[in-house]
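Overview (structure and organization)
Chain residues, written in single-letter form:
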Amino acid sequence: KERNPYIQAVYDLTLEWTRRNGSPWLYSDFIYNLTKGGKKFKENCDFVHKVADDVIEKRRQALKDDEVSSKKYLDFLDILLTARDEDGNRMSKEDIRNKVDTFMFEGHDTTASAISWILYSLAEHPDHQKQCQEEIDRVVSETKSGELEWKDLERLEYLTRCIKEGMRLHTPVPLIIRNNQSTITVDNEVVPAGSTILINIYSLHHNAEIWGEDHMKFKPERFTKENMEKRDSFAFCPFSAGPRNCIGQNFAMSEEKIVLATLLQRFTFTVDEKHIVEKQVLVVMRAKNGIKLFAIPR
Ligand code: HEM
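Remember, predicted model here, so these are calculated numbers, not experimental data.

Rules used throughout
- Residues numbered from 1 in each chain as written.
- Predicted model: local features only at pLDDT ≥ 70, side-chain atom pairs only at ≥ 80, totals over all residues.
- Heavy atoms only, no water.
- Helix = DSSP H or I, 4+ residues; strand = E, 2+ residues; numbered from the N terminus.
- Buried < 20%, exposed > 50% of the residue type's maximum accessible area, 1.4 Å probe, protein only.
- Contact = heavy atoms within 4.5 Å.
- Areas by Shrake-Rupley, 256 points an atom, 1.4 Å probe, with all protein chains shown as cover.
- 1 Å grid on protein atoms, 1.4 Å probe; cavity = no way out; pocket = protein on both sides within 12 Å on 5 of 7 lines; lining within 4 Å.
- Points joined across faces, edges and corners; volume = space filled by probe spheres on them.
- Domains from an automatic or database assignment.
- Near = heavy atom within 4 Å.
- Polar contact = N/O pair within 3.5 Å; in protein donor to acceptor, adjacent residues only side chain to side chain.
- Core = buried A, V, L, I, M, F, W, Y, C linked by side-chain atoms within 4.5 Å.
- Buried area = accessible area lost by both parts, 1.4 Å probe.
- Salt bridge = Lys/Arg side-chain N within 4 Å of Asp/Glu carboxyl O.

Looking at the overall build of the protein chain
Scanning the protein chain from N- to C-terminus turns up 12 helices and 8 strands. When the backbone C-alpha atoms are referred to their principal axes, the protein chain occupies close to 55 × 55 × 45 Å. Relative to its full complement of 298 residues, the protein chain shows a buried share of 36%. Across the protein chain, contacts joining residues at least 24 apart in sequence account for 64% of those joining residues at least 6 apart. Approximately 18800 Å² of the protein chain is accessible, and the part contributed by carbon and sulfur atoms is 55%.

Below you can see the structure in the form of structure tokens.
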């Protein structure tokens, strides 16, 4: 099936970015920009920027400042377009686009990865899948509308445990990068200011000292309240930690619960034994040849 052109372009960018990272001879922009891959990278960049620019321009046209002030809730784009600093200057077009790009990328690829991998683990573990389905059926049967409502999401405790365990085991954002502004010392090792530091969240989630020798196993009971209290709160960091952690994490958790609960309410998933699922880190955690599942109507 054909992919949406925006999704395809983001996929190609992550593939090309990862390839360039592994090819030191392509680090010079001058050389890289002359290569086929470099040219295609620029083309894809221009395309995703244009998609974001169109979204911004449409809103800019639709909005007059006085209309915004009468709006009950300002959304993200309204705020960016109307923000002024202390000197009354607006954000530059490029700054706004950078923010919109981050949201559009972080907002779709990460949750898509999380949901796919969690569903895969549930398909591999019919017992846990069944417990999720029973919980969803019970919670839905107790609602007035007969459908899952916003306030019910926090009642899906078993599903939440499976989501967290899936995000530990598969880690949708496996690596993040920081530049340290000042010299720091970690375990007696001095890291000079201006170093590039790669933080491997996937390895953190597979530290056998914390998670045990069975860290490759899907065990949602790791996330019962009692077991969580026993662990360091930084042992599980799918959304990173600190002042630049994920702003979308509550939204992402809700999205995962809604999509998974809706799917599990209607279908039972099983794995396709003939298809080999292989992890591939392309900015987010992907599967090399995709994940194939059977969806059996309940
Ligand atoms: C399962 C889903 C998600 C995961 C695992 C995830 C993970 C992360 C991580 C690890 C970071 C830190 C990146 C870094 O330090 O380089 C981050 C940042 C960010 N995320 Fe998410 N994210 C998810 C969903 C979302 C969603 C749905 C949105 C928006 C709707 C979002 C918006 C952002 C933004 C704007 C940042 C940058 C924050 C900053 O730099 O201050 N994320 N995310």
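Quick notes on the layout of surface pockets
Looking at the largest pocket, its volume works out to about 2100 Å³. Those elements that place two or more of their residues in the lining of the largest pocket are α1 (5-21), α3 (36-62), α6 (93-124), β1 (175-179) and α12 (249-266). Looking at the lining of the largest pocket, the element that brings in the most residues is α6, giving 11 residues. Shared between two domains, the lining of the largest pocket holds at least three residues of each, these being domain 1 (1-91) and domain 2 (126-297).

A few points about the site of the ligand
Taken together, 22 residues sit near the ligand, with Glu106, Arg178, Arg244, Cys246 and Glu256 positioned nearest. Between an oxygen atom of the ligand and a side-chain N or O atom of Arg178, the distance comes to 2.7 Å. Between the ligand and Arg244, the relevant distance is 2.6 Å, taken from an oxygen atom to a side-chain nitrogen or oxygen of the residue. Mapped onto the shell around the ligand, the elements with two or more residues apiece are α6, β1 and α12. A total of 7 residues in the shell around the ligand trace back to one element, the largest contributor, which is α6.

Some details on the nonpolar core
Of all hydrophobic cores here, the largest spans 35 residues; its most connected members are Leu159, Met167 and Leu264. When residues of this core are traced back to their parent elements, those giving at least two are α6, α7 (126-141), α8 (157-170), α12, β5 (267-271) and β7 (284-287). Here the element with the most residues in this core is α6; it accounts for 8 residues. If near-sequence neighbours (up to four positions away) are discounted, Leu159 is found in contact with Cys132, Glu135, Lys257, Leu260, Ala261 and Leu264.

Some remarks on the domain arrangement of the protein chain
When cut into domains, the protein chain gives domain 1 (1-91) and domain 2 (126-297). Look at where the C-alpha atoms of domain 1 and domain 2 centre, and you get two points 27 Å apart. With 6 residues of domain 1 at the interface, the matching set in domain 2 holds 6 residues. Overall, the association of domain 1 and domain 2 removes approximately 490 Å² of surface from exposure, summing both partners, and the carbon and sulfur fraction of that is 71%. Counting across the interface, domain 1 meets domain 2 through 0 salt bridges.

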